[in-house]
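Structural description and commentary
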Amino acid sequence: MRRLILFVVLDLFLFALAASAQTIAPPTAEFNTKPGKTSRGSFQTQNNSLQAVAFTIESYSVTVDARGPQYHPLDPGVKVELSSTSGRLGPKQIFTTDYRISCDSLPCAVAIKTGMVTGHTKDGMQVRIILSHFAYLAQSKHPRQDILMAAGLMQKR
Amino acid sequence: MTRLISLPVLLLFISSAHGQLRLDGGTSTMFGGSGFETTMYLPNTTLSGSIGYHGGFVFGASDTFLMHGFKTTVGDETLGFSFDGVGLGLALKGVAASRRRELECNDAPRPAMSRYPGYTGWHCKAGWEMTAFVGATGVGFFTPFATATKTQHVGTGILFQYSLKHLTLSSLDVIEGGKYSLAQGASYSAQRLHLSGSGGLLNNQKYFSGSAVFQPIHGWSLYANHQSFFIPYAAQSNGVGTNLVVGRFTWMGGLNESTSLGRKIVGENIGGGVRVGFVREQSSWYKSTGQTPLLVHSITETLRHWTLTQAVTQAAGRNSYSFGGGYSSNRISASVSHSIQFLLNGRGYQQVTGVQISFRIHDTVINAQTVADPFGKIQYSAYAESYVQTGLQVAQHETHSGGGKFLIQGKCFLPDGSPVEGCAIRIGKEIVYSNRTGMFDVRARNIKAVEITVPVGDFTAPGTFEVISAPATATPGKPIVITVARR
């Protein structure tokens, strides 16, 4: 009997590898575009857990300064159209969301935040994971680099 | 043993070929054995295999999948039928299928042909749940860490539950090994009153069980219950009592009665407590037939991760002291606790000690605990659970948002107009959730009206909700307004 218990413990540690939680890909997208022109993109949300999770998607305008990204409601000149704004991800499911973005003035940055309720604490408080997909739009070859450099968060190579 | 040694090789092979594997193992006197289990999660099915030691080696395997909306399990399964104070556990090697539909309510007028005269408003579509099984039943070894059955006889049965607003009706009919279990139950659950009762035959023995909780005002509750036990020996218990909470003060009082092994024991208890900051003091007096009264004073300090308890028990002019405490964080929790429990073994009120430890190393969780059962016996249980992920993607499990030219939008509110985040709304075949502003939307391919239901059981918002008003259909371009309230 003792050998059986030792075997079980040994077996569990043998297989104790890292498991990841929910993921989003890609985390950033860059669009070389013109003011008012619509850019199309997509991102994938993956539920790596074994339980179904509900998700909601919201978009925000982002201004980047020396403190990092600051989120606020979409600016009047920014239009974001999402193919889906909520739903339920089954265990191990990967869900693709398409979007269309247009900005009247460039450069502009938009964060599309996916919130997933992953459980509750003992006190009933909801535990929510929020993962962001950033879309950088500018009239240049490297929109993300240009926006971050303008904010002083990246040095010129 | 040679079979066991070859298992890790088999598991390595399986985990390299598929996505996710769960491993459980442990030992327990509560369940009377030791064992371990491997569970593989695939997109449309869950496979499981177990080895246990329960008076000899037992083996089990099962496959769980969805078939025409029924969650179907083929192989070894634990079947726990529990409702309104009655519980029946069965060990099955066979086929079991279950399906449920949530209670759904809306305020759309019913067609004139199907409505009661003079009534057009709020109505609910009844919820139901059904579980049916057939196969070989017998002695089971069902634990958090292993599932296996030693078959002895043939059995079949069905549990059906029907919910309508505050009322739930249950019916259990089981025949196995020449024993009948025919039980009927009903429960009523409203904001201030919860009633439940059931009766019938349980393994050929007559039983009745009932409980009532009434809360006349906020903070004051009155309760009464009656229960029948059959294992390890026949016993019955009755209890009545009250609790009152006013600000930082609490009072409680109760009467208990047990009948077992030809003895009848009556117990009384009364107590009060006060909470000041992180310190809580409670003093309670306990007396049971033929026993010296106990007076227990306890002080509990609750800090961020720590809970400490000091208790003084006074009986027959003598004092005894006990200390308990616990630490709880995300990675580890451990506690030693003392409590007074009314035991059904004829000893009345007794102090029982519980020890619990749980810790996590990466994806492995290890638990160990002791529990005093209603008959005063201390049981222990220790088990571990781990997940293995190979990183391989599971085929046919990628989906794409549907899209569509037409937009159906809406908002989910509380009666005071504040938005509710996490409302679940089924629009046609899709389920959507409201965001932090209460808004939700879904894209449709055509302008036709689609059916709407509000499955309150699927809400991600904390709490229990009921639908105050919701339309029955939605059309693109016409905003939907849904009003819900907390129960």
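Residues numbered from 1 in each chain as written. Chains lettered and ligands numbered in written order. Predicted model: local features only at pLDDT ≥ 70, side-chain atom pairs only at ≥ 80, totals over all residues. Heavy atoms only, no water.

Helix and strand counts for chain B stand at 2 helices and 35 strands. When each of the 487 residues of chain B is scored for burial, the buried share is 40%. Sequence separation of at least 24 residues holds for 43% of the intrachain contacts in chain B that already meet a minimum separation of 6. Of the roughly 25,400 Å² of accessible surface on chain B, a fraction of 60% belongs to carbon and sulfur atoms. (Helix = DSSP H or I, 4+ residues; strand = E, 2+ residues; numbered from the N terminus. Buried < 20%, exposed > 50% of the residue type's maximum accessible area, 1.4 Å probe, protein only. Contact = heavy atoms within 4.5 Å. Areas by Shrake-Rupley, 256 points an atom, 1.4 Å probe, with all protein chains shown as cover.)

Another aspect to go through is the overall build of chain A. Counting secondary structure elements, chain A contains 2 helices and 10 strands. Secondary structure elements of chain A occur, N-terminal to C-terminal, as α-β-β-β-β-β-β-β-β-β-β-α. Per-residue burial over chain A gives 47% buried out of 157 residues. Long-range contacts, defined as pairs at least 24 residues apart, comprise 68% of the intrachain contacts of chain A with a sequence gap of at least 6. Carbon and sulfur atoms make up 54% of the accessible area of chain A, which totals about 8,400 Å².

Residues and elements named next belong to chain B. Here Leu-92 lies in strand β6 (residues 86-101). Judged by relative accessible area, Leu-92 falls into the buried class, the value being 0%. The sequence separation of Leu-92 and Thr-156 amounts to 64 residues, and the corresponding C-alpha distance is 9.5 Å.

What follows is about the state of the cysteines. A full pass over the atoms with the stated rule returns 2 disulfides over all chains. Disulfide pairing places Cys-103 of chain A opposite Cys-108 of chain A at an S-S distance of 1.9 Å. Of the two residues examined, Cys-103 of chain A and Cys-108 of chain A, each falls in the buried class. A disulfide bridge connects Cys-412 of chain B with Cys-423 of chain B, and the sulfur atoms are separated by 1.9 Å. (Disulfide = S-S within 2.5 Å.)

Once that is clear, we can look at empty space enclosed by the protein. Residue and element names in this part refer to chain A. Applying the stated rule across the entire model yields 1 cavity of 30 Å³ or more. Approximately 70 Å³ is the volume found for the largest cavity. Elements that contribute at least two residues to the lining of the largest cavity include exactly β4 (53-65), β9 (108-120) and β10 (126-138). At 3 residues, the largest contribution of residues to the lining of the largest cavity is made by β4. Partitioned by chemical class, the residues of the lining of the largest cavity number 4 nonpolar, 6 polar and 2 charged. (1 Å grid on protein atoms, 1.4 Å probe; cavity = no way out; pocket = protein on both sides within 12 Å on 5 of 7 lines; lining within 4 Å. Points joined across faces, edges and corners; volume = space filled by probe spheres on them. Nonpolar A, V, L, I, M, F, W, Y, C, P; charged D, E, K, R; others polar.)

Attention now goes to the nonpolar core. With 26 residues, the main nonpolar core has Val-420, Ile-425, Ile-427, Ile-480, Ile-482 and Val-484 of chain B as its most contacted residues. Not counting chain neighbours up to four residues away, the residues in contact with Ile-427 of chain B comprise Ile-408, Val-432, Phe-440, Val-442, Val-450, Glu-451, Ile-452 and Ile-480 of chain B. Core analysis: the next-biggest nonpolar cluster, separate from the first, contains 22 residues, Phe-43, Phe-55, Val-80 and Leu-137 of chain A among them. (Core = buried A, V, L, I, M, F, W, Y, C linked by side-chain atoms within 4.5 Å.)

This part takes up the sheet that holds strand β30 (residues 430-433) of chain B. Residues and elements named next belong to chain B. Taken in spatial order, the 4 strands line up as β30-β29-β32-β34 in an open sheet, and their pairing is antiparallel. Taken across any chain shown, the strands that pair with only one partner, and hence form the sheet edges, are β30 and β34 (473-474). Pairing between strand β32 (residues 450-453) and β34: 2 bridges, direction antiparallel. Directly across from Val-450, in β34, lies its bridge partner Ala-474. (Pairing = 2+ DSSP bridges.)

Time to look at the environment of Phe-459 of chain B. Residues and elements named next belong to chain B. Relative to the elements of secondary structure, Phe-459 occurs in the loop between β32 and β33 (465-469). Under the relative-accessibility criterion, Phe-459 is labelled buried at 10%. Distance in space between the C-alpha atoms of Phe-459 and Gly-422 is 5.6 Å, their sequence separation being 37 residues. Among residues more than four places away in sequence, those in contact with Phe-459 are Gly-422, Cys-423, Ala-424, Val-454, Phe-465 and Val-484.

What follows concerns the sheet that holds strand β31 (residues 439-444) of chain B. Residue and element names in this part refer to chain B. One open sheet accounts for 4 strands, arranged β31-β28-β35-β33; its pairing is mixed. Every interior strand has two partners, whereas the edge strands, β31 and β33, have only one. When the angles between neighbouring strand axes are averaged without regard to direction, this sheet yields 30°. (Axes fitted to C-alpha atoms, helices over the stretch in contact; angles between N-to-C directions.)

So, on to the pairing of strand β6 (residues 78-82) of chain A. Residue and element names in this part refer to chain A. Along β6, the buried face is formed by Val-78, Val-80 and Leu-82; none of Lys-79 and Glu-81, which line the opposite face, is buried. Bridging between β6 and strand β8 (residues 94-103) involves 5 bridges; their strand directions are antiparallel. Looking at β8, one finds that Leu-82 is bridged to Tyr-99.

This part is about a nonpolar patch on the surface. All names here are of chain B. On the surface, a nonpolar cluster with roughly 560 Å² of combined accessible area is contributed by Phe-160, Tyr-162, Leu-164, Leu-167, Leu-169, Tyr-188 and Leu-195. Among the elements of the structure, β10 (147-164) and β11 (167-176) are those that each provide at least two residues to the nonpolar patch. The biggest single contributor to the nonpolar patch is β10, with 3 residues. Looking at the element boundaries, Leu-167 is found in strand β11. (Patch = residues over 30% accessible without salt bridge, like charges linked within 9 Å, V, L, I, M, F, W, Y side chains within 5 Å. Salt bridge = Lys/Arg side-chain N within 4 Å of Asp/Glu carboxyl O.)

What follows is about the side chain of Asn-367 of chain B. Structurally, Asn-367 of chain B can be placed in strand β25 (residues 364-372). Setting aside residues no more than four positions away along its own chain, Asn-367 of chain B makes contact with Ile-357, Ser-358, Ser-381, Ala-382 and Tyr-383 of chain B.

Right, let's get into the pairing of strand β18 (residues 263-276) of chain B. Residues and elements named next belong to chain B. Taken together, the 12 bridges between strand β17 (residues 249-260) and β18 define a ladder with antiparallel strand orientation. By the bridge assignment for β18, Thr-259 is matched with Lys-264. Linking β17 back to β18 in an antiparallel pair, the connection comprises 2 residues, with Leu-261 at a positive phi of about 50°. In this antiparallel pair of consecutive strands, β18 and strand β19 (residues 279-288), the connection spans 2 residues, and Gly-277 shows a positive phi of 60°.

Now for the pattern of salt bridges. Under the criterion given, the structure shown has 9 salt bridges over all chains. Close ionic contact of Glu-81 of chain A with Arg-100 of chain A constitutes a salt bridge, the shortest N to O distance being 2.8 Å. Of the two residues, Glu-81 of chain A is situated in strand β6 and Arg-100 of chain A in strand β8; the sequence distance between them amounts to 19 residues. Measuring nitrogen to oxygen at the nearest pair gives 4.0 Å for the salt bridge that ties Arg-426 of chain B to Asp-458 of chain B. Placement of Arg-426 of chain B in strand β29 (residues 424-427) and of Asp-458 of chain B in the loop between β32 and β33 is noted, with a sequence separation of 32 residues between them. Taking relative accessible area as the criterion, Arg-426 of chain B reaches 28% and is therefore assigned partly exposed. Beyond isolated ion pairs, a larger network of salt bridges with shared partners links Glu-81 and Arg-100 of chain A together with Arg-443 of chain B.

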